[in-house]
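Structural overview for review
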Amino acid sequence: MAFSVTSTILEDGTAELSLFGELDASVANEFKSAVEKAAADKAKRLVLNMKDLEFMSSAGLRVLVFAKQKMGTNVDIYVIGAQDAVRDTIEMTGFHHSVIMQDEYNAL
């Protein structure tokens, strides 16, 4: 399944990126560009809706690390609805300690 990402800025300043398909090295720059736009828009938090993301390679993980660095320490990153394969990839690297993983988005 082809990869795509859609981006929405919510009224409260949250950037929501919805990821679809398979995220690998050939499409990681699309994800990175969406993160860069969210950072340029000075998003107060970054919500990554991953319920429709079926696969994420190490290139996708590199973009997650980039997102954490680019958004800054004051911006929480939420990983929402990650399927088991994607969740396992994030957890095996320990990156789940750097983001907020939830089944559904529940901002504080």
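Per chain, residue numbering runs from 1 following the sequence as it is written. Selection of residues for local features in this predicted model requires a pLDDT of at least 70, selection of side-chain atom pairs for listing and counting requires 80 or more, and totals for whole chains, interfaces and linings are taken over all residues. To get the side-chain values, take all heavy atoms of the structure and skip hydrogens and water.

This next bit is on the side chain of Asn49. Helix and strand definitions follow DSSP, with helices as H or I runs of at least four residues and strands as E runs of at least two, each counted in order from the N terminus. Residue position: Asn49 is located in strand β3 (residues 45-56). Contacts were defined at the residue level, with two residues in contact if any of their heavy atoms lie within 4.5 Å. Ignoring sequence-local partners within four residues, the contact set of Asn49 consists of Glu16, Leu17, Ser18, Leu19 and Ile80.

Criterion for a salt bridge: a side-chain nitrogen of Lys or Arg within 4 Å of a carboxyl oxygen of Asp or Glu. Within this structure, the stated rule accounts for five salt bridges. A salt bridge links Lys37 to Asp41; the shortest N-O distance between them is 2.8 Å. The salt bridge partner of Glu91 is Arg87, with a shortest N-O separation of 3.7 Å. On the criterion of helical spacing, the pair formed by Glu91 and Arg87 is a turn pair, its members being four residues apart in helix α3 (residues 84-92).

Moving on, we come to the nonpolar core. Leu23, Phe31, Leu46, Leu48, Met50, Leu64 and Ile90 are the most contacted members of the largest nonpolar core, which has 34 residues in total. Mapped onto this core, the elements with two or more residues apiece are β2 (14-23), α1 (28-40), β3, α2 (58-71), β4 (76-80) and α3. If one sorts the elements of this core by residue count, α2 sits on top with seven residues. Setting aside its immediate chain neighbours within four residues, Leu64 contacts Phe31, Leu48, Met50, Met56, Ile90 and Phe95. Here the nonpolar core consists of buried residues drawn from Ala, Val, Leu, Ile, Met, Phe, Trp, Tyr and Cys, with membership extended through side-chain atoms lying within 4.5 Å. A simple rule labels every residue: compare its accessible area, found with a 1.4 Å probe on the protein chains alone, to the largest value its type can have, and call it buried under 20%, exposed over 50%, or partly exposed in between.

This part takes up the sheet that holds β3. An order of β1-β2-β3-β4-β5 is seen for the five strands of this open sheet, with the pairing classed as mixed. Of all the strands in the sheet, the pair left with one neighbour each is β1 (4-9) and β5 (100-102). Strand-to-strand twist across the sheet, computed as the mean angle between neighbouring axes with direction ignored, equals 20°. By the convention used here, strands pair only if DSSP detects at least 2 bridges between them. Sheet topology note: the β2/β3 ladder contains nine bridges and is parallel. Bridge assignment links Leu23 to a residue of β3, and that residue is Met56. Each axis is a line fitted through C-alpha atoms, and for a helix only the stretch in contact is used; angles between axes span 0 to 180 degrees, taken between their N-to-C directions. The sheet strands contacting α3 are β3, β4 and β5, and the helix crosses β3 at an angle near 115°.

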